[in-house]
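Structure at a glance
The lines below spell out each chain.
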Amino acid sequence: QVHVVESGGGLVQPGGSLTLSCVFSGNVFSSSSESNASGWYRQAPGNQRELVAFITRTNSEIDADSVKGRFTISRDYAKNTMWLHMNALKPEDTAVYYCNAGWSDGRSYFPTTNWGQGTQVTVSS
């Protein structure tokens, strides 16, 4: 059983910054688990959920072109915690952000059913 909890969302003005946190618990990222990577997704109203970034023990990738150069992803494996650092936020970044414990072959990310409840990010003046 894997439990995923996101936090850190809120209302921020355009151009501002926000850091989202995600804590994993349970049998995750061990040799017997199905996950070797984790990722951040987001879903805006009326849109499909999209992969923003993912990270493994050896690499990380910002997948969404619209956030490249503005967002970074990091992890502390000892604390089973992942962060999404968001800078120069734009109104179009408004969405519910979710984290996921998934699997990666180093180039692509494959989500599992281990999702958090999401955290709302609203970028508005």
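Anyway, here's the lowdown on the structure attached to this text. (Residues numbered from 1 in each chain as written. Predicted model: local features only at pLDDT ≥ 70, side-chain atom pairs only at ≥ 80, totals over all residues. Heavy atoms only, no water.)

1. Remarks on the pairing of strand 9 (residues 95-104)
Spelled out, the test is: Exposure classes here rest on a 1.4 Å probe applied to the protein chains alone. A residue is buried below 20% of its type maximum, exposed above 50%, and partly exposed in between. The helix count covers DSSP runs of H or I at least four residues long, the strand count covers runs of E at least two residues long, and both are numbered beginning at the N terminus. Pairing between strands is defined by DSSP: at least two bridges between them are needed.
Burial analysis of strand 9 places eight of its 10 residues in the buried class, which makes it a mostly covered element. Note: strand 4 (residues 37-43) against strand 9, seven bridges, orientation antiparallel. In the strand pairing of strand 9, Trp40 is matched with Cys99. Bridge count for strand 9 against strand 11 (residues 119-123) is three bridges, and the pairing is antiparallel. Looking across to strand 11, one finds that Tyr97 is bridged to Thr119. Judged from the four bridges that link them, strand 9 and strand 10 (residues 109-115) form a sheet pairing that is antiparallel. Bridge pairing in strand 10 places Ala101 opposite Asn114.

2. Side note on the pattern of salt bridges
For the record, the criterion: By convention in these notes, a salt bridge is any Lys or Arg side-chain nitrogen within 4 Å of a carboxyl oxygen on Asp or Glu.
Under the counting rule described, the total for this entry stands at four salt bridges. Put simply, Arg42 and Asp93 hold a salt bridge, and the shortest N to O gap is 2.9 Å. With Arg42 in strand 4 and Asp93 in the loop between strand 8 (81-86) and strand 9, this pair connects stretches of sequence that are 51 residues apart. Judged on exposure class, the residue Arg42 and its partner Asp93 are both buried. With its nearest N and O atoms 2.7 Å apart, the salt bridge here joins Arg70 to Asp93.

3. A few points about the nonpolar core
Let me state the cut-off plainly: Definition of nonpolar core: a set of buried residues of the types Ala, Val, Leu, Ile, Met, Phe, Trp, Tyr and Cys, connected through side-chain atoms within 4.5 Å.
Formed by 28 residues in total, the largest nonpolar core has its most connected members in Trp40, Leu84, Met86 and Tyr97. Mapped by element, the contributors of at least two residues to this core are strand 1 (2-7), strand 3 (18-26), strand 5 (50-55), strand 7 (71-76), strand 8, strand 9 and strand 11. Among the nonpolar cores identified, the runner-up in size contains six residues, and Tyr41, Leu51, Phe54 and Tyr98 belong to it.

4. Considering the pairing of strand 1
Judged by which residues are buried, strand 1 turns out to be one-sided: Val2, Val4 and Glu6 face inward and are buried, whereas His3, Val5 and Ser7, on the alternate face, are not. As defined by bridge partners, strand 1 adjoins strand 3 across six bridges and the pair is classed as antiparallel. Of the residues in strand 3, the one forming a bridge with Val5 is Val23.

5. Observations regarding the side chain of Thr119
In plain terms, the rule: Whenever a nitrogen or oxygen atom comes within 3.5 Å of another N or O atom, the pair is scored as a polar contact, on the condition that within protein one atom can donate a hydrogen and the other can accept it, and that pairs from neighbouring residues in sequence are kept only if both atoms are in side chains. Any two residues whose heavy atoms approach within 4.5 Å at even a single point are treated as in contact.
Checked against the element boundaries, Thr119 lands in strand 11. Thr119 gets classed as buried once you look at its relative accessible area, which sits at 10%. A distance of 3.0 Å separates a polar side-chain atom of Thr119 from the backbone nitrogen of Gly9. The residues contacting Thr119, other than those within four sequence positions of it, are Glu6, Ser7, Gly8, Gly9, Leu20, Ala95, Val96 and Tyr97.

6. Thoughts on the state of the cysteines
Note the following rule: Here, the term disulfide refers to a pair of cysteine sulfur atoms separated by no more than 2.5 Å.
Scanning the model with the defined rule gives one disulfide in all. The disulfide partner of Cys22 is Cys99, and the gap between their sulfur atoms is 1.9 Å. Every disulfide takes its handedness from the sign of the S-S torsion; for Cys22 and Cys99 that torsion is 70°, giving right-handed. Of this pair, Cys22 sits in strand 3 while Cys99 sits in strand 9, and the two are 77 residues apart along the sequence. There is no split in this pair, since Cys22 and Cys99 are both buried.

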